Each structure stands twice: as structure tokens, then as C-alpha cells.
Amino acid sequence: MSTVLIRALFTSLVAPAGPALPPVISRSPLVLFHVDSGGCEACGLEVEALIHGNYGLAEAGVSFADTPRTADMLLVTGAYSRMMMPVVQAAWEAMPQPKGLLAVGACALDGGPFGKNYAMLGGLESHASVDCAIPGCPPTPRAVLEGIVSLLSPASVVRPVAATEE
């Protein structure tokens, strides 16, 4: 019985996550830098699943950087906490121009269940101009990727992307 469970686990890890997204035509990939600014960490885990899962980031024209100095956009998950505010600001200031801000999840947008209090500043929408907002608690990796791809499409109007079930 345990062999069947192990085989099912490996099959689910290797199997494709869903239909492939259409390739995005661009000269270079969109490079993102991820900062988790506090909260329950669920959105951060979904972004990590996107990075390390089989979602076709390279085909979609997306990559992640290890440093903000080489990133095009700052991807923020979690509520905007007072302790992480200097970290988010330092990452933003280290990024070259032009740059953008991507808020993933309800906490990053408006604070979610973590409203303004002594430790939390609420969401990014009340502190900065968000270029792309992806709602959800948490949004699926697929919803995050679709929101990012909407930025890359030539005729896109940046708008929030509805969270979808997988």
C-alpha cells in the first residue's frame, strides 16, 4: 500500500499542472523579485509553488531574480507590516528604472484580515501605486501566473485578475 502512495505522490509531482499558457513574445523575460512582508505566509507559499512547480514560467516570459538590482518588478505578498516596511522600501529603491509593483493576495492589497494596527500598516494600495493586483486568499499559482502574463501581453490593460480554482 505504501508503494502505491509513493508512486501517486511522484506522479503528481511530475505531472503537468494544467494546460500550457500561450507563449508571450518579448525580447527579454520579465524579471521579478519576491518579498513576503508578513501575514500567514500562504501567498508566499503559492508563489514558491509557482517558481518551483511545472507552470511554464520560461515559456510565459517570466523569471525570478535573487536580488532586486536585476529585477523589473517587485512582487509583494503578505500584509504590509511595520517591521518589513524598510525591507520592502530598500528592495524598491535598489531596483533599476523602469520598475513596477505587483501585489499578490488580499493581505498585500488591502491588509486582508490584518487591518491597520500597531504592527500592520494595511495593504500596499494605501501606500504605493500598485501596477498589477492579484486578489485571493491565497490566489493559486495559476492565477498569479495569469496576472503576470496579463502584464506582458501587448494589448493588456492592467486590471485585477480573478482568483480561479484549480
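None of the values given here were measured: they were computed from a predicted structure.

Chemist: An account of the pairing of strand β4 (residues 100-104) is needed here, citing residue identities and associated values.
Modeler: Burial of β4 is extensive: 5 of the 5 residues sit out of reach of the surface. Across the two faces of β4 the burial is the same, with G100, L102 and V104 and L101 and A103 all buried. Pairing of strand β3 (residues 73-77) with β4 involves 5 bridges; the strand directions are parallel. Bridged to M73 within β4 is G100. Taking the sense of rotation as the criterion, the β-α-β connection linking β3, helix α4 (residues 85-94) and β4 turns out right-handed. Judged from the 3 bridges that link them, β4 and strand β5 (residues 132-134) form a sheet pairing that is parallel. The residue bridging L102 from the neighbouring strand is C132, located in β5.

Chemist: How would you summarise empty space enclosed by the protein if you had to cite specific residues and measurements?
Modeler: Evaluation of the coordinates by the stated rule reveals 1 cavity of 30 Å³ or more. D36, G38, G39, C40, E41, A42, C43, G44, T77, G78 and C107 are the residues that line the largest cavity. With 3 residues, the top contributor of residues to the lining of the largest cavity is helix α2 (residues 42-52). Here the lining of the largest cavity is composed, by residue class, of 4 nonpolar, 5 polar and 2 charged.

Chemist: Tell me about the sheet that holds β3, and name the residues and values.
Modeler: Strand order in the open sheet made by the 5 strands is β2-β1-β3-β4-β5, with parallel pairing throughout. Unpaired on one side and paired on the other, β2 (62-64) and β5 mark the two borders of the sheet. Averaged over all pairs of adjacent strands, the angle between strand axes in this sheet comes to 25 degrees, irrespective of strand direction.

Chemist: Can you tell me about α2, naming the residues and giving the values?
Modeler: What α2 keeps buried is the set C43, G44, V47 and L50. On an axial view of α2, the arc spanned by its buried residues comes to 115 degrees, and they lie on one face. α2 presents L45 and H52 as exposed residues on the side facing more than 90 degrees away from its buried surface. Looking at the buried residues of α2, the elements they touch are β1 (30-36), α3 (57-60), β2, β3, β4 and α6 (141-152).

Chemist: Tell me about the packing of α2 against α6, and please be specific about residues and values.
Modeler: Their axes nearest at 8 Å, the elements α2 and α6 cross at an angle of 75 degrees. Classified by the angle between their axes, α2 and α6 sit roughly perpendicular to one another. Contacts between α2 and α6 pair E46, A49 and L50 from the former with P141, V144, L145 and I148 from the latter. Residues belonging to the contact of α2 with α6 are distributed by class as follows: 6 nonpolar, no polar and 1 charged.

Chemist: Account for the environment of V31, naming residues and giving values.
Modeler: Within the secondary structure, V31 is located in strand β1. Sequence separation between V31 and D66 is 35 residues; the distance between their C-alpha atoms is 9.9 Å. Setting aside its immediate chain neighbours within four residues, V31 contacts S63, F64, A65, T70, A71, D72 and M73.

Conventions and cut-offs
- Residues numbered from 1 in each chain as written.
- Predicted model: local features only at pLDDT ≥ 70, side-chain atom pairs only at ≥ 80, totals over all residues.
- Heavy atoms only, no water.
- Buried < 20%, exposed > 50% of the residue type's maximum accessible area, 1.4 Å probe, protein only.
- Helix = DSSP H or I, 4+ residues; strand = E, 2+ residues; numbered from the N terminus.
- Pairing = 2+ DSSP bridges.
- Right-handed = clockwise from strand over helix to strand, strands pointing away.
- 1 Å grid on protein atoms, 1.4 Å probe; cavity = no way out; pocket = protein on both sides within 12 Å on 5 of 7 lines; lining within 4 Å.
- Points joined across faces, edges and corners; volume = space filled by probe spheres on them.
- Nonpolar A, V, L, I, M, F, W, Y, C, P; charged D, E, K, R; others polar.
- Axes fitted to C-alpha atoms, helices over the stretch in contact; angles between N-to-C directions.
- Arc of directions from axis to C-beta.
- Contact = heavy atoms within 4.5 Å.
- Parallel < 35°, antiparallel > 145°, perpendicular 65-115°, else oblique.

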